[in-house]
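Here's the letter readout for the chains.
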Amino acid sequence: MTDTPGTLAELLDRANHDPDTGLRAALDSVQGQPHPRVAAIAAHLSAAKRDLWTRIAAATGTPVPRTTRA
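Just so you know, these numbers come straight off a predicted model, no measurement behind them. (Residues numbered from 1 in each chain as written. Predicted model: local features only at pLDDT ≥ 70, side-chain atom pairs only at ≥ 80, totals over all residues. Heavy atoms only, no water.)

**A word on the pattern of salt bridges**
Where charged atoms from two side chains of opposite charge approach closely, those side chains can pair.
Now for step 1: Tallying each qualifying case throughout the model produces 1 salt bridge.
Now for step 2: With its nearest N and O atoms 3.4 Å apart, the salt bridge here joins Arg 55 to Asp 51. Taken together, the residues Arg 55 and Asp 51, both in helix H3 (residues 36-60) and 4 residues apart, mark about one turn of the helix.
Now for step 3: By relative accessible area, Asp 51 is classed as partly exposed at 40%. (Salt bridge = Lys/Arg side-chain N within 4 Å of Asp/Glu carboxyl O. Helix = DSSP H or I, 4+ residues; strand = E, 2+ residues; numbered from the N terminus. Buried < 20%, exposed > 50% of the residue type's maximum accessible area, 1.4 Å probe, protein only.)

Encoded structure:
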């Protein structure tokens, strides 16, 4: 299988949003109010992933995923 921008974008989308691997899914599984440190780490990870998605989309010529757009 040859990696194309489309297949790479699909793979990255699954890696980031699949229920078993997505950050949002992990945070949704937290019961109650998360510790402030967890919230800070989650905010940092979200910002870093948003930046990477924007850069990947620009490099591959694919649209930025809807959950990444500001």
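**Brief notes about H3**
Now for step 1: In this model, H3 (25 residues) spans 36 Å end to end at C-alpha, consistent with the 36 Å of a helix rising 1.5 Å per residue.
Now for step 2: If you check which residues of H3 are buried, you get Ala 42, Trp 53 and Ala 57.
Now for step 3: Directly beyond the C-terminal end of H3, a positive phi value near 70 degrees is found at Gly 61. (Expected span 1.5 Å × (residues − 1).)

**Examining the side chain of Thr 62**
Now for step 1: Assignment of secondary structure puts Thr 62 in the segment after H3.
Now for step 2: Judged by relative accessible area, which is 19%, Thr 62 ranks as buried.

**Observations concerning the confidence of the model for the chain**
Now for step 1: Looking at the chain as a whole, its pLDDT mean stands at 75, while 77% of the residues score no less than 70.
Now for step 2: Helix H2 (residues 23-28) is the least confidently modelled element of the chain, averaging 69 in pLDDT, while H3 averages 83, the highest of any element. (pLDDT = per-residue confidence, 0-100.)

**Some points on the environment of Trp 53**
Now for step 1: Turning to its location among the elements, Trp 53 is positioned in helix H3.
Now for step 2: Residue classification places Trp 53 among the buried residues on the basis of a relative accessible area of 7%.
Now for step 3: Considered as a pair, Trp 53 and Ala 9 are 44 residues apart in the sequence and their alpha carbons are 9.1 Å apart.

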